[in-house]
Amino acid sequence: MFITPNINTNYDCLASLQNNDSHSGQLIFEKIWHDENLPHDHFVNIASFKRNEKFFETTYVLKNEELNSKWIALYDLFNSSYKSKQNLFSDTSFDTIDTSFRSSMNNILKLEPKVATVGVSEEGCVYIYAEFKQKRVFFNMFYEGEQSDVVLNITEDGRPICSYNANIESSINTLKDIIGRTVQEVDNYDLSRTFITAV
Amino acid sequence: MTYPEHLLPQSNYKIISSTDELCLCTLVRHTSSKDLYLLGTEMIDPDKLQIQSNHLKDLSTNILGIFELNDIYISVTNSSFFELWSLGDITEAPLINKDFILNNDRGYFLFSINDIKNLKLPLIQNYTIVFDVIHTPTKCNFWHFSIRAFSDNIEISELPVSNKQKRMIWKSLKDFLVAIAFTNSTGFHILKRDSYTQN
């Protein structure tokens, strides 16, 4: 069964957004359909596109059509926020910022936050804000030249539980770790000195 | 309209000390607009804190009680009135349209002083940081208080770290502060008169 994507954007952008990598280019073909082997609210997305005379194909399982819309909305917000405060990133290329944002956003959305938004702070960082039950997360990406690193700040019911500074991959892993843990487990987290171990 | 007399320092006033009673009080911070939240969330945008990050750091607030919520709409435009008040100083009232205007576009959020003073922060960039709330009356507003951050009694701006690390620290502090900010309250503790007047 074919489903028309319920999004109002160009496919080039969509193909780019749905990739972990910075693949982008001219979209040649795309389809989204329900595979009966998957749960009823999951969809398969295949996109083929061409860049630099090479062809790429991506296959994704989307939980539902909303994921597409969410991606596009968040990316648009990131883009407009970046453009309005571009002067804060004078020594970093947009490609570096864009790639780190898409990689981080991809991973964070996979954790299924109940709320997510993005922006650019006056401290010169791109941030992703997400809520997971009682936990509220600021995933702040700072740049120096083409290097990026993350300050991950998490609170639970207003109580700070983490301020973790590392690269994107490590920060995502830490986030996954914390989101998957109970309050008690987070309090006893002993792998990072940045955690409060007692309340 | 005349400037509200209850905001002006009086000759028999004294600096308000940090006491248990002070911790019962509430601080109000005005914002330039009533739009306080990160898009699509109920989290106050950390950039609404507007802490300057390139010189002495200070989040300007007012203690509620004698200072009323409606007083946030008074926007003093003559910077000479921002000078700190000293004990015994007698000041003149600002004049409408010359020294102050009414700005009804402003919004606000609130902090419990107790919450700020008891906020346990994780290590941030390897520093143990605490917030303090300090009475900093100005010539036109006796009820002005400052929220400042220190590590071992050193203000963040003076820490021997790179500018990037300072920006990371400030972003973290703002992320944690907005998590304890609120916008609704049923009532405020009013400081006893002997807390701010000389015998």
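This text goes with the structure placed above it.
From a predicted model like this one, the values you see are computed outputs, not experimental measurements. (Residues numbered from 1 in each chain as written. Chains lettered and ligands numbered in written order. Predicted model: local features only at pLDDT ≥ 70, side-chain atom pairs only at ≥ 80, totals over all residues. Heavy atoms only, no water.)

The next subject is empty space enclosed by the protein. Residue and element names in this part refer to chain B. Under the defined criterion, the tally for this structure stands at 1 cavity of 30 Å³ or more. Looking at the largest cavity, its volume works out to about 50 Å³. In terms of lining, the largest cavity is formed by Ile63, Leu64, Gly65, Ile66, Trp143, Ile190, Leu191 and Tyr196. Its residues assigned to classes, the lining of the largest cavity comprises 7 nonpolar, 1 polar and no charged. (1 Å grid on protein atoms, 1.4 Å probe; cavity = no way out; pocket = protein on both sides within 12 Å on 5 of 7 lines; lining within 4 Å. Points joined across faces, edges and corners; volume = space filled by probe spheres on them. Nonpolar A, V, L, I, M, F, W, Y, C, P; charged D, E, K, R; others polar.)

Below, the discussion takes up helix 2 (residues 163–178) of chain B. Helix length check: helix 2 of chain B, at 16 residues, gives a terminal C-alpha distance of 23 Å against a target of 22 Å (1.5 Å per residue), a fit within 8%. Across the 16 residues of helix 2 of chain B, 13 count as buried, placing the element largely inside the fold. (Helix = DSSP H or I, 4+ residues; strand = E, 2+ residues; numbered from the N terminus. Expected span 1.5 Å × (residues − 1). Buried < 20%, exposed > 50% of the residue type's maximum accessible area, 1.4 Å probe, protein only.)

Let's shift gears to the environment of glycine 124 of chain A. In this fold, glycine 124 of chain A is placed in the loop between strand 5 (115–121) and strand 6 (125–132). Not counting residues up to four positions away in its chain, the partners in contact with glycine 124 of chain A are Leu88, Phe89, Met141 and Phe142 of chain A together with Arg167 of chain B. (Contact = heavy atoms within 4.5 Å.)

Moving on, we come to the pattern of salt bridges. Residue and element names in this part refer to chain B. All told, the structure shown has 15 salt bridges over all chains when counted by the stated rule. Ionic pairing is found between aspartate 58 and arginine 148, a salt bridge with its closest N-O pair at 2.8 Å. Placement of aspartate 58 in the loop between strand 1 (26–31) and strand 2 (59–63) and of arginine 148 in strand 7 (residues 144–151) is noted, with a sequence separation of 90 residues between them. Lysine 98 is the salt-bridge partner of aspartate 99, the closest N and O atoms lying 3.8 Å from each other. (Salt bridge = Lys/Arg side-chain N within 4 Å of Asp/Glu carboxyl O.)

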